[in-house]
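Below are the chains, spelled out letter by letter.
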Amino acid sequence: MKNLKVVTEVSLQLDLLSEGENVLLSSYDIERNRVFFASSSNLIYTIPLPSSQQGTEWSQSLTTSEAELVDLEPGDCIAAMDYLMEKEALIIGSTNGCLLLYNVDEKSVETVGRVEGGVDSIASSPDGALLSVTTGLGQLLVMTHDWEVLYENSLDQQAPENDVPSDVDFTGRQSQTYPITWRGDGKYFATLGVPCNSSCMQKLIVWERDSGTLHSSSQPKAFMQGSIDWMLSGAKIASACDRKAEGKPPLVVFFERNGLERNSFSLDELVESTVETIKWNCNSELLATCVACSEYDAVKIWYFSNNHWYLKQEMRFPKEDRVRFLWDPTKPLSLVSWTVSGRVVSYKFAWFSAVAETSTSLVVDGSSVLVTPLTISLMPPPMFLFNFKFHASVRDLSFLSNNVKNLLAAYLCDGSLCVVELPETNEWDQFEGNEFTVENCLLDLKPDNLLHLSWLDTHTLLGVSSSSLQEIEVACSENSLPGGVCLSGWHAKLTKKTSIENPAVSVVSNPAKVGSAFVQINGGAVLEYPSNNFNRSTNTNFSLPFTCPWMRSALCNENGIFRILLLGLDETGRLHYGKKTICTNCTSFSFYRGGHSDQAATHLLFTTKQDILFIVEINEILNGDLELKLESYNTKSYKGKEGRDHVILWERGAKLIGVLHGDEAGAIMQTNRGNLECIYPRKLVLSSIVNALSQRRFRDAITMVRRHRIDFNVIVDYCGLKSFVKSASDFVTQVNNLGHITEFVCSVKKENVIDKLYKAYISLSCGDESSENKVTSVLTAVRKALEEKIPESPSRELCILTTLARSEPPLLEEALKRIKLVRELELVRVDDAKRQTYPSAEEALKHLLWLTDPESVFNAALGLYDLNLAAIVALNSQKDPKEFIPYLKGLEQLSPAVMRYTIDLKLGRNESALKNIFSAGDMYWDDFTKLLNANPSLFPFALQMITNPDKKREVLEAWGDYLYEEKLFEEAATTYLCCNLYNKSMKAYRGCGDWRGVFTVAGLMQLQKPQVVSLASELCEEFQAMGKPGEAARVSLEYCNDVEKGIGYYIMAREWEEALRIAYMHEKEELVRDVREAALECGSSLVSEYEEGSVKLGKYVARYLAVRQRRLVLAAKIRSEEDGLVNGGDDDVASEISTTFSEMSAYTTSRSLKDSGSSVTTSTASKARGGRRQKKGGKIRAGSPGEELALVEHLRGMALASGAQREIKSLVVVLLSLGKYDIARQVQNCVDNFEVTQKAAVKLAEDTIGNEIIDEAAHTLENYVKILRALPRHDISWHT
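Residues numbered from 1 in each chain as written. Predicted model: local features only at pLDDT ≥ 70, side-chain atom pairs only at ≥ 80, totals over all residues. Heavy atoms only, no water.

- Under an unreviewed UniProt entry, the protein chain has the name Elongator complex protein 1 and belongs to Rhynchospora pubera.
- Its UniProt record gives the protein chain the following Pathway (unreviewed entry) comment, quoted word for word: "tRNA modification; 5-methoxycarbonylmethyl-2-thiouridine-tRNA biosynthesis."
- According to its UniProt record, the protein chain has this under Sequence similarities (unreviewed entry): "Belongs to the ELP1/IKA1 family." (UniProt positions renumbered as here; feature names shortened; annotations may be inferred.)

If you want it as structure tokens, here you go:
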């Protein structure tokens, strides 16, 4: 779905040296980009072609010094010519049969041979190794470039060797010509054979290159002279056949290599017209024909797609010009035409999307324009909704659509201008299948040959000629009917001409200013039209760095300020925004307008050669980090994964041809096969939904959500819960479709889909945080809106039931109450208007059962204590009657309170069941207590109901027993006290180790002194066994008055200061001595223990550094292998490191610090000292993958715990008090050294764990210890 347009058209007039001289032949020099022309005067003219890269053009005619005469015999003239790239010379064949090698640069001529009958045609093979020649006698010669003839064949396979063809004229030449065409790979070539039986019927003959044998031939056809060409891809041979005998125009026929006809198409010309030349372009995409008609000659360019041949361009010339052409051998969209009078024209074409900005397809097919609004239907051509028929082929067209009019302007190949006015697009359905014939505009002054036709406003057109911009004013003298098409009565007047210094390559309208346009001249400079000094008004903000045939402009809204965005795509695939390059491999691009009232573009869409469609926000181009973004577009590998900003295309070569704007949010793609596909990128769809929600267009938003299968929750989550609840009435009123509302209600869930599912697409929502239940709040608001805004109807009632069933938790009882009300109306057989607004009870119940679990509905019916309703639910939920009927009958036979109790037990409503069984009377007291024991959480509720003291005491005791069994001793003791059960209360206090509570209860029990002392002794033993010697010491001192045992308990608890205080308080020297000896022994043990710990830290660090170094070496080796640079020394290094540190494992060489201790301390003291350092993790396995991290965690876990710091400080204070300065200093220094070493080890590990290089000089434990020693320390609270 594309149109072929002329980008530039540059002409040159050869200055022929003699009067009556005609240009006959041409040949192309690929290397030096020049064309040779041979004239009837045997002159060779050489002209360079214009360079599109440099923006140059032909500025003057060729002088006589640039024409060279080829010296031939008198009466002889040039008949054929080809350029031999290997010899850098022209091979020329004459009518007398001379073969000449003409060196253009040296201007020398060499005769290389002569053939009988004269030379008819010459063609070199694609690889340049062979030269094929056909003669006037119908002979075929194939020779090398050393002029050695490989073989010679007759083109008349049926004639004897000595026969002379019947069409030989008096000069010895045949009047028939025999063109030669090679296949692209040079393996075969084809010619036309000698006419059969003196008729005009000829065969297409295919020859093999190597042997010269006949490969195949076609059936005899009336081939036109010189009209065969083999496409370079090798698939088909194009030819033209005459059908004058049938009274039909010429036919273009395609043959396969085996000589069979594949397909054909007829030229839309008169019967008398003939095809002079037929040629494929270099990529076999376009087929050009030179057609001679009765009034003019024309070059027609055809394109094949969807099994249809389209006439995409036609250039007409006067009949006397006898125009010919040749394609550029390297540039598929460049063509050079020439006339016998020496006028040479270079055309540069480009493919443009046939889809206008309004998503309307306008496909050019000769004199027809096929119109299809893609917003209505995706119909690929040649199908269409309707078409316009013009009296000549369309060369260029322009479409304008605004809020006022739809206008189409077409410039035809005969220089005519046509204008059509159409109604709004939504009225085009009535034109389906119609063909409208368009009349020409009445021109006051015919404009020059126009290119880049563009609308400036509804009455003004702008076109580009070779040297000027031409402004044309159009007006219609006829009144157009509403909803009709205006095809005639148009007048056009050339109102303004503005000369330009350089050729223009593209024109786009200025979206910000009516009557203005941007004109790009060759080289990329962009000028704004109109301007007082047009040629010097280059706008540097819009100018492009290179010539960009594809240019688009769009209006953008940047924070309320409107800006113009102008993008250009050059021939190499670079998409430019000003001087910056957005993409380096772009194939197509378009803007998307998001449906805002200002019609500003919001997104840029473009495809790449990697078959990826990118969707970029305009704000990212204008304000974002463009350079970083552009680098990702050009260098990032996507590997088939779709993302936020791109879509992987499903077929290679698919291109973006148009965009569906607004809420449609679609990108129209066309594949190489011609079929159309519309894809809806998630980013555009969500942008459209967000835009609709911002404008509170709920109906449009839910339509898009349903169409594109977006989660319905995006509506609530973007608006925000509180905002949506307030707008629920507007939502229900706008949607006004109970089916859509029901679908929305069923989809509401508590998760925020914007924060999870669509977080990558919607960066910021309007939502507000709320602690309310989202599902319940939304459904409650919708239900209320339904009741207020929607008239009563069965559908509304079902929708309301849906909101109840989908609430969290489901409001099934309320839903059943509504169904019960309907059922009651049915039972009383009320047939009034209100009854008609409800569905039947059976329908409503089935709807409810479909939405939720039938068992839950049945239980909800039971919860209403309505057995009849429960039976109806059971019947409609297909429950087994053998199960529910006996159960319901059994409930019916119970008393009301017991029935409710039974139902509550089944439904798990224990509190209600307890209340109902309590109301049933004392005869059900056992059931009451059984329910309480099974559900202990009901004890507080039960105590509130019971007023009888004895029963309350029984319940309290049961509660206390439950708490005691759950080992909640303190709560159990308090509960027992409430019912005066002192023995159980004391037992509970002893269970939780609360000796104060025990002695309080002993006071309440009024125990005697001996009993209290005995109880205290028992508690001391219990506390010692529980690892609480400090508590035992206090009980012993306060209730047993045993000072010696109390001090012993304090020593066990390592409460040195308290033990020394008590000893001095009782003035007993032996007790002070015991404290001194125990403190000295503990200090000596700690010195040994922490010295050993410091050594162990060093071993851990050494092992960690070895493991880390080995890991880095192995990682470097793997990287070098991946880069193909394997270093054999790495294994030796790794092995050496491994051997060096193999004996430095710290896991088995020393006993654990926790197991070491003083020989005089008890197991209780060892357990207490075990908490001095934080516990390390699990066992470290040497050589395991996690060894490195495990070592780091182990080092961190060896830090001094807070309990150990308190014990050490207390010990040091006592040693100082007792005058043991040396041992105190040793303890403090050892612990300090261990703490500093541990922190240094952790710091060393943290610095190297993320570093790729280990410095053997800097990364040592000794170095880090020195650094920490030099820093001020504030975390040594245990120092004295």
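1. Regarding the sheet that holds strand S14 (residues 180-182)
Turning to step 1, where the next piece is worked out: Pairing is antiparallel across the open sheet formed by 4 strands, whose spatial order is S14-S15-S16-S17. The open sheet has two edge strands with one neighbour each: S14 and strand S17 (214-217). Sheet twist, expressed as the average angle between the axes of neighbouring strands with direction ignored, equals 25°.
Turning to step 2, where the next piece is worked out: Two elements, S14 and strand S15 (residues 188-192), share 3 bridges in a ladder whose sense is antiparallel. By the bridge assignment, Ile180 is partnered in S15 with Thr191. (Pairing = 2+ DSSP bridges. Helix = DSSP H or I, 4+ residues; strand = E, 2+ residues; numbered from the N terminus. Axes fitted to C-alpha atoms, helices over the stretch in contact; angles between N-to-C directions.)

2. Topic: the pattern of salt bridges
Turning to step 1, where the next piece is worked out: Applying the stated criterion to the full structure yields 57 salt bridges.
Turning to step 2, where the next piece is worked out: Where Glu314 meets Arg316, a salt bridge forms, and the shortest distance between an N and an O atom there is 3.0 Å.
Turning to step 3, where the next piece is worked out: What makes Glu314 buried here is its relative accessible area of 1%.
Turning to step 4, where the next piece is worked out: For Lys984, the salt bridge goes to Glu957, with nearest N and O atoms at 3.0 Å. (Salt bridge = Lys/Arg side-chain N within 4 Å of Asp/Glu carboxyl O. Buried < 20%, exposed > 50% of the residue type's maximum accessible area, 1.4 Å probe, protein only.)

3. Observations concerning helix H11 (residues 812-827)
Turning to step 1, where the next piece is worked out: Between its terminal C-alpha atoms H11 stretches 22 Å, which fits the 22 Å expected from 16 residues at 1.5 Å a residue.
Turning to step 2, where the next piece is worked out: Among all positions in H11, only Leu812, Ala815, Leu816, Ile819 and Val822 are buried. One side of H11 carries all its buried residues, which in axial view fall inside an arc of 115°.
Turning to step 3, where the next piece is worked out: Each element contacted by the buried residues of H11 is listed here: helix H10 (794-805), helix H13 (841-851), helix H14 (854-863) and helix H15 (867-876). (Expected span 1.5 Å × (residues − 1). Arc of directions from axis to C-beta. Contact = heavy atoms within 4.5 Å.)

4. Focus on helix H28 (residues 1056-1065)
Since the α-helix advances by 3.6 residues per turn, residues separated by three or four positions end up pointing in the same direction.
Turning to step 1, where the next piece is worked out: Every buried residue belonging to H28 is among Trp1056, Ala1059, Leu1060, Ile1062 and Ala1063, and all of these are buried. In a view along the axis of H28, the buried residues occupy a sector of 160°, so they form one face of it.
Turning to step 2, where the next piece is worked out: Buried positions along H28 lie against helix H26 (1029-1040), helix H27 (1043-1052), helix H29 (1069-1122) and helix H33 (1202-1217).
Turning to step 3, where the next piece is worked out: Of the residues one or two after H28, Glu1067 is the one with positive phi, at around 55°.

5. Regarding the state of the cysteines
Turning to step 1, where the next piece is worked out: In the structure shown here, the tally under the stated rule is 0 disulfides.
Turning to step 2, where the next piece is worked out: Sulfur of Cys441: no disulfide; nearest cysteine sulfur belongs to Cys418 and is 6.0 Å away. (Disulfide = S-S within 2.5 Å.)

6. Details of the side chain of Lys683
Turning to step 1, where the next piece is worked out: Along the polypeptide, Lys683 turns up in helix H3 (residues 682-694).
Turning to step 2, where the next piece is worked out: A distance of 3.1 Å separates a polar atom in the side chain of Lys683 from the backbone oxygen of Ile615.
Turning to step 3, where the next piece is worked out: Non-local contacts of Lys683, meaning those with residues more than four positions away in its chain, are made with His603, Ile615, Val616, Glu617, Glu620, Arg644, Asp645 and Tyr761. (Polar contact = N/O pair within 3.5 Å; in protein donor to acceptor, adjacent residues only side chain to side chain.)

7. Considering unusual backbone geometry
Turning to step 1, where the next piece is worked out: Looking along the chain, the bond that leaves Pro381 and enters Pro382 is cis, with omega of 15°.
Turning to step 2, where the next piece is worked out: By secondary structure assignment, the location of Pro382 is in the loop between strand S30 (368-373) and strand S31 (386-389).
Turning to step 3, where the next piece is worked out: For the peptide bond that leads from Tyr529 to Pro530, omega is -5°, which places it in the cis range.
Turning to step 4, where the next piece is worked out: Inspection of the secondary structure assignment puts Pro530 in the loop between strand S43 (526-529) and strand S44 (550-558).
Turning to step 5, where the next piece is worked out: Notably, Asn307 is not glycine yet its phi reads approximately 60°, a positive angle.

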